[in-house]
Every structure is written in C-alpha cells, then in structure tokens.
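Each chain is listed here by its residues.
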Amino acid sequence: MKTTVLPEILAPAGSLEKLKVAVLYGASAVFAGGQKFGLRTAADNFTLDELREGVIFAHQRQAKVYVVLNSFLHDKDLVELPDFVRFLEEISADAVIVSDLGVVRTVRSISTLPIHVSTQASTLNVEAAKFWKSMGASRIVLGREVSIADAGKIKREAGIEIELFIHGSMCMSYSGHCVISNFTQGRDSNRGGCAQSCRVEYSLEDLNTKEKKSSYFMSSKDLQGLRLLKDFIDAGIDSLKIEGRMKSHLYAGTMSKVYSEALRYFEEHGDFLSEDLIRWEKELSKVSHRAYTEANLSEPAGADSIFNERENFSGGEWKMVGTVINANPNSGTVIEVRNAFNQGEELEILPFRGEAIVVVASEIMDLNRKTLARTKPTTIVRLPFIHGIGPSQLVRQKTV
Ligand code: SF4
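Residues numbered from 1 in each chain as written. Predicted model: local features only at pLDDT ≥ 70, side-chain atom pairs only at ≥ 80, totals over all residues.

**Looking at the overall build of the protein**
Along its length, the protein carries eleven helices and 20 strands. By the compact-globule yardstick of 21 Å for 400 residues, the protein fits well, its C-alpha radius of gyration being 22 Å. When its C-alpha atoms are laid out on the principal axes, the protein stretches across 65 × 65 × 50 Å. Buried residues in the protein amount to 42% of all 400 residues. In the protein, of all internal contacts separated by at least 6 residues, the share reaching a separation of at least 24 is 65%. (Helix = DSSP H or I, 4+ residues; strand = E, 2+ residues; numbered from the N terminus. Rg over C-alpha atoms; globule rule 2.2 N^0.38 Å. Buried ≥ 20, exposed ≤ 12 C-beta atoms within 10 Å, placed from the backbone. Contact = placed C-beta atoms within 7 Å.)

**Comments concerning the site of the ligand**
If you check the shell around the ligand, you find twelve residues, and the closest are Cys171, Cys178, Ser189, Cys194 and Cys198. Residues that form the shell around the ligand fall into these classes: six nonpolar, six polar and no charged. (Near = placed C-beta within 6 Å. Nonpolar A, V, L, I, M, F, W, Y, C, P; charged D, E, K, R; others polar.)

**Considerations on the packing of helix H4 (residues 81–90) against helix H5 (residues 101–110)**
The contact between H4 and H5 brings their axes to 10 Å, and the two run at 55 degrees. Between H4 and H5, the crossing angle belongs to the class labelled oblique. In the packing of H4 onto H5, the handedness of the crossing is right-handed. Residue-level inspection shows Leu81, Pro82, Val85 and Arg86 of H4 in contact with H5, the latter providing Val103, Thr106, Val107 and Ile110. A class-by-class count of the residues in the contact of H4 with H5 yields six nonpolar, one polar and one charged. (Axes fitted to C-alpha atoms, helices over the stretch in contact; angles between N-to-C directions. Parallel < 35°, antiparallel > 145°, perpendicular 65-115°, else oblique. Left-handed = near helix turned anticlockwise from the far one by under 90°.)

**Focus on helix H7 (residues 148–158)**
Listing the buried residues of H7 in full gives Ile148, Ala151, Ile154, Lys155 and Ala158. For H7, the angular spread of buried residues about the axis comes to 115 degrees, placing them on one side. With its phi angle positive at about 65 degrees, glycine 159 sits one or two positions after the end of H7. (Arc of directions from axis to C-beta.)

**Some thoughts on the nonpolar core**
Counting residues in each nonpolar core, the largest one holds 97 residues, and the members touching the most others are Ala11, Ala22, Ala27, Val30, Val67, Val96 and Leu164. If near-sequence neighbours (up to four positions away) are discounted, valine 96 is found in contact with Val67, Leu69, Leu88, Val107, Leu113 and Ile115. (Core = buried A, V, L, I, M, F, W, Y, C linked by C-beta atoms within 7 Å.)

**Section: unusual backbone geometry**
Backbone geometry follows two general trends: most residues other than glycine have a negative phi, and most peptide bonds adopt the trans configuration. Even without glycine at this site, lysine 210 takes up a positive phi of about 65 degrees. Residues other than glycine seldom take positive phi values, yet threonine 378 does so here, at roughly 65 degrees. The topology assignment puts threonine 378 in the loop between strand E18 (371–372) and strand E19 (380–383).

**Some thoughts on the pairing of strand E20 (residues 394–398)**
Here strand E13 (residues 318–328) runs beside E20; their pairing, made up of five bridges, is antiparallel. For methionine 320, the partnering residue across the bridge sits in E20 and is arginine 396. Sheet topology note: the strand E15 (residues 346–350)/E20 ladder contains three bridges and is antiparallel. Residue pairing for E20: isoleucine 349 is matched across the bridge by valine 395. (Pairing = 2+ DSSP bridges.)

**A closer look at the domain arrangement of the protein**
With domains assigned, the protein is organised as domain 1 (8–177 + 219–312) and domain 2 (318–398). Distance between the C-alpha centres of domain 1 and domain 2: 32 Å. Counting residues at the interface gives twelve residues for domain 1, matched by eight residues for domain 2. Every element with two or more residues in the side of domain 1 that touches domain 2 is listed here: helix H1 (16–24) and helix H10 (249–269). (Domains from an automatic or database assignment.)

**Some words on the packing of H1 against helix H2 (residues 48–60)**
Where H1 contacts H2, the two axes come as close as 10 Å, and the packing angle between them is 10 degrees. Classed by the angle they form, the pair H1 and H2 counts as roughly parallel. Judged by residue contacts, Leu16, Leu19, Lys20 and Val23 of H1 engage Glu50, Glu53, Gly54, Phe57 and Ala58 from H2. Residue composition of the contact of H1 with H2, by class: five nonpolar, one polar and three charged.

**Regarding the pairing of strand E7 (residues 161–168)**
For E7, the buried fraction is high: eight of the eight residues fall into the buried class. Pairing geometry for strand E6 (residues 137–141) and E7, over three bridges, is parallel. Among the inter-strand pairings, arginine 139 is bridged to a residue of E7, identified as glutamate 161. Across two bridges, the pairing between E7 and strand E10 (residues 222–224) is antiparallel. Note that in E10 the partner of glycine 168 across the bridge is leucine 223.

**Some thoughts on the environment of alanine 303**
Mapped onto the elements of the fold, alanine 303 is located in the loop between strand E12 (292–293) and E13. For alanine 303 and serine 220, which are 83 residues apart along the polypeptide, the C-alpha to C-alpha distance reads 9.5 Å.

**A look at the environment of lysine 36**
Examined against the element boundaries, lysine 36 turns out to sit in the loop between strand E2 (29–33) and H2. Looking at lysine 36, the number of C-beta atoms within 10 Å reads 15, which means it is partly exposed. It is 8.7 Å that separates the C-alpha atoms of lysine 36 and serine 71, two residues lying 35 residues apart in sequence.

**Quick word on the environment of valine 107**
As for its placement among the helices and strands, valine 107 is situated in helix H5. Once the C-alpha coordinates of valine 107 and valine 96 are considered, the two residues, eleven residues apart in sequence, prove to be 8.6 Å apart. Apart from the residues within four sequence positions on either side, valine 107 is in contact with Val85, Val96, Val98, Leu113 and Ile115.

So, in structure tokens, the structure goes:
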C-alpha cells in the first residue's frame, strides 16, 4: 500500500521570537536570515547568537532551520561568506537557501551544508532543476510562476526535493527580478533593498485619447493555496512555503497553526471537509492581508490577480495585543502586553492546537495587584485565570 508522505510546513522567521512562535504553532521548518547575505535587509534578522539559539530551540522540537544566503553577491561581498558558512555548519543549520552560483560554489567548497536553490533563481523547468542538482543542490524552491502540476513533474523528472509557495505576498515581476526599487529609490531589490514600489498607486495616461486613470496595476493580490492543499500533497511537493519574514508574530503563528492543522487533519482523514476549509480560511483572513488569489498554482495568473481594490478592502481586522507568560489559578493569567486593551473588552487567545479561546478582560491588574482600566504596551498585567491556555500563546483582539 502506498503511504502518502506529507510535506513540511515552512514558515518565515523574521526574528528569534518569530522563529519560536512559528515552531510552537506547528511549523516543521523555518527560514531565517543573518545580518548579511539575505534579501530582507529591513527585517530584524538574526545575530550569530540568535541563530545558534534558534537552531537549538527548533531542533529540540523536531523542526528545521534553513538560513537564507540568497542575495546576489559581488566579489567584495563574497569575502566574508566562508566564515559565516562555517559558523552555520558548526551550529547545525539544516540548509542554506542560495540563488547566486558563486555562493553555491563557495558553500560547496567549504561545507557539506545542504543547498536549497532560492526562488530568486527562477527555476521553472526540469532541465534547470537537473542543472542545480548537478551543482550539488538538494532542493529547489521553484519560481512562483510554476503550477502545482508542473512542480510535480519537475520533482519526478529531475529527482530533487521541491519547495513551492503556498501563501504570502507575490512579486509582479519574475521571481523578484525587479529593478523598480533600484531606479525609483536607489535600493537594490536583488540585494535585499526592495522598497515595494509595485504596491503604490500609479497614474496612467492613454497617449491617444489623453484619458487618465489611477491604478495599483502592478500590485498583486496575496497568494493563498489552502484549497489546493490536496493537490500539493498528490503532486509530492516536499515543502509548503509561507512567505513573510517581515510580517508580524500573529502572522507567523496563525499561518503555522492553520496549515499544520490542515495537514494533520489530512493525515487522519485522507481528505478535507468543506466546513473545515471554511474555518481555516476564516482564520487566515484574520491576519492582515491583501485580497487572496491562487495565482499560478492551477492556471496562469490573470488580470483578476491584481490588487486594485485597495481603498475598499480591509483584510485582517485583528491585531496581536500580547503573549501569555503564565496561567495558573494562583497567579491568574499573566500577559506581556504589546498593544493596549481596556478592561471589559473581548480578547481571543490562540492555543497551539484547536479553536481560539474567547475571553473578556473582566478585571486587569498590574503585578502589584492594582486594578487597571487600560493596559500599556510593553507592560505585564494579570487577568483572571483562564483554563486551558499556556505560556507563549498569542493574544489577539478585533480592531473594529
Ligand atoms: S517592488 Fe514589488 S515587484 Fe519589485 S521586487 Fe519589490 S515586491 Fe517584487
């Protein structure tokens, strides 16, 4: 009897704290960046000590850590790379994510770290995948232009692990090969400086009719492939990637939780029920997002994948207001506050597994048990004891 091998859920870790959130909420792997060589210079990024701690934390929970080295490097940038690669090998990082052939050769010449070819390399076909395999790569993160069916074919014919995006922001250009930021802001998007120039409104003029129109015509909707999860599994995709190292803790936690719960459900039942899909979609819609699209996963993306309804769209009306530090009948529920909330307001606590727990902040106290009417960010407060919750769980609140 054929056993179905389920893919891993690969979540973004923009910081050590987000790495922990993603792993605790069920991600089986995370991707993170050091201070250099990655494509998200504006993310918090990890210090060496944080990377070491992150790998230990993840490995203790059977999760993997992949480190991005996916910037395109000039010769002068390559000089510092070997030391960093040796460090990653020493801390037992599980793989490096690479786009530049010079980086591939450097990594291969001094380490045995598995190499994952970044989506930035725009691998879209079997021959390209075979080439990367011959260069020593063990996995390809395919371009977002590839369908699930074609990804399955590339895996079968090239005989290499395949990672495919299932969720997150999209680039309107080919796998991020875009220089709008370079020309408009002097920021190199292929070396970590994307200024999201495609997201702003542009004015268009028809030179024949002189008719003018404002439009977000270069801004894509966000990818969301939950309903195609069975297709990913049937195609044998090894890793389902969630984009978003710059996104919030609530995003990292919710995405990891929803997609890992859906996979566990599939493992038990062999299929999905539509009421479960609706429930998971509702969870995904609570996190800040643009309108969702399945982009190229089934059919080539069309005009309806452009996010032109920006003014009238409010996606994700929930914010994270805190993290549970502890909960027991003696101390009550101790919360580290991130965003202020008031006494009497309704909150939701997101357990690592199962439905969100709705609570009312009927009484708020500080650590000296003085009653508060309103919390302040970066403080620690007590709520009455809430049964069934535990440390590190996220607390969220509807914003409108
Ligand atoms: S500006 Fe937009 S299209 Fe260009 S790299 Fe950045 S996100 Fe991608």
